[in-house]
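# Coordinate inspection notes
So the chains spell out like this:
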Amino acid sequence: MGIGLNDDAVERLWNLPAHTVSLSDDKTLEAVIKLYLGMNHADIDYDNAHRTFMELNDLDEFPSLYQVKKIVWDISGVESIVHNMCINLCIGFTGLFSSLSHCPECGEARFDQEKLEQSQGKLNLPRKQFLTTLLGQQLQALF
């Protein structure tokens, strides 16, 4: 579809789920979601909190960061789209800039040149990225 969403997300935009989700029956799941949503840097901090929570509560199982992200997406339908951007914040490599390998403003490389050379041109690791959340998904989550 050209908007960066996977097929499941596009299907959900066109056909809203007919059921509501209740977390009141599963206190662990409720705690996990509150923990995740309350973090400003969840991708960095969740694993440490995950280990600590499991140790303090003597738990054998507790959802991983990947699992909790999937749960939140399943409940809300809101999914972020990752885009590459200039290391100097000049542009996002989207739209007309999506095929560029260097920033047209400052000339900086889009991808980590050291990793690109080490992989013999096979690993295009972006130097910087940003997230976009589509308005349609956000509005659907409200209603």
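Throughout what follows, the structure given in this document is the object of discussion. (Residues numbered from 1 in each chain as written. Predicted model: local features only at pLDDT ≥ 70, side-chain atom pairs only at ≥ 80, totals over all residues. Heavy atoms only, no water.)

Core analysis: the biggest nonpolar cluster contains 12 residues, these being Val32, Ile33, Tyr36, Met39, Ala42, Tyr46, Ala49, Met54, Phe62, Leu65, Val68 and Val72. At the level of elements, helix H2 (27-37), helix H3 (42-56) and helix H4 (65-76) are the ones that each hand at least two residues to this core. The dominant element in this core, judged by the number of residues it contributes, is H3, at 4 residues. What Met39 contacts, discounting residues up to four positions off in sequence, is Asp45, Tyr46 and Ala49. (Core = buried A, V, L, I, M, F, W, Y, C linked by side-chain atoms within 4.5 Å. Buried < 20%, exposed > 50% of the residue type's maximum accessible area, 1.4 Å probe, protein only. Helix = DSSP H or I, 4+ residues; strand = E, 2+ residues; numbered from the N terminus. Contact = heavy atoms within 4.5 Å.)

On to the side chain of Asn84, then. You can see Asn84 is positioned in strand S1 (residues 80-84). Within the local environment of Asn84, its side chain forms a polar contact with the side chain of Gln129, the two groups lying 3.1 Å apart. Not counting residues up to four positions away in its chain, the partners in contact with Asn84 are Gly92, Phe93, Arg110, Phe111, Pro126, Lys128, Gln129 and Phe130. (Polar contact = N/O pair within 3.5 Å; in protein donor to acceptor, adjacent residues only side chain to side chain.)

As a further point, take H4. The first and last C-alpha atoms of H4 sit 16 Å apart over 12 residues, in line with the 16 Å expected at 1.5 Å per residue. Within H4 the residues assigned to the buried category are Leu65, Val68, Val72 and Trp73. For H4, the angular spread of the buried residues around the axis is 140°, confining them to a single face. Once H4 finishes, Gly77 follows within two positions and takes phi at roughly 80°, a positive value. (Expected span 1.5 Å × (residues − 1). Arc of directions from axis to C-beta.)

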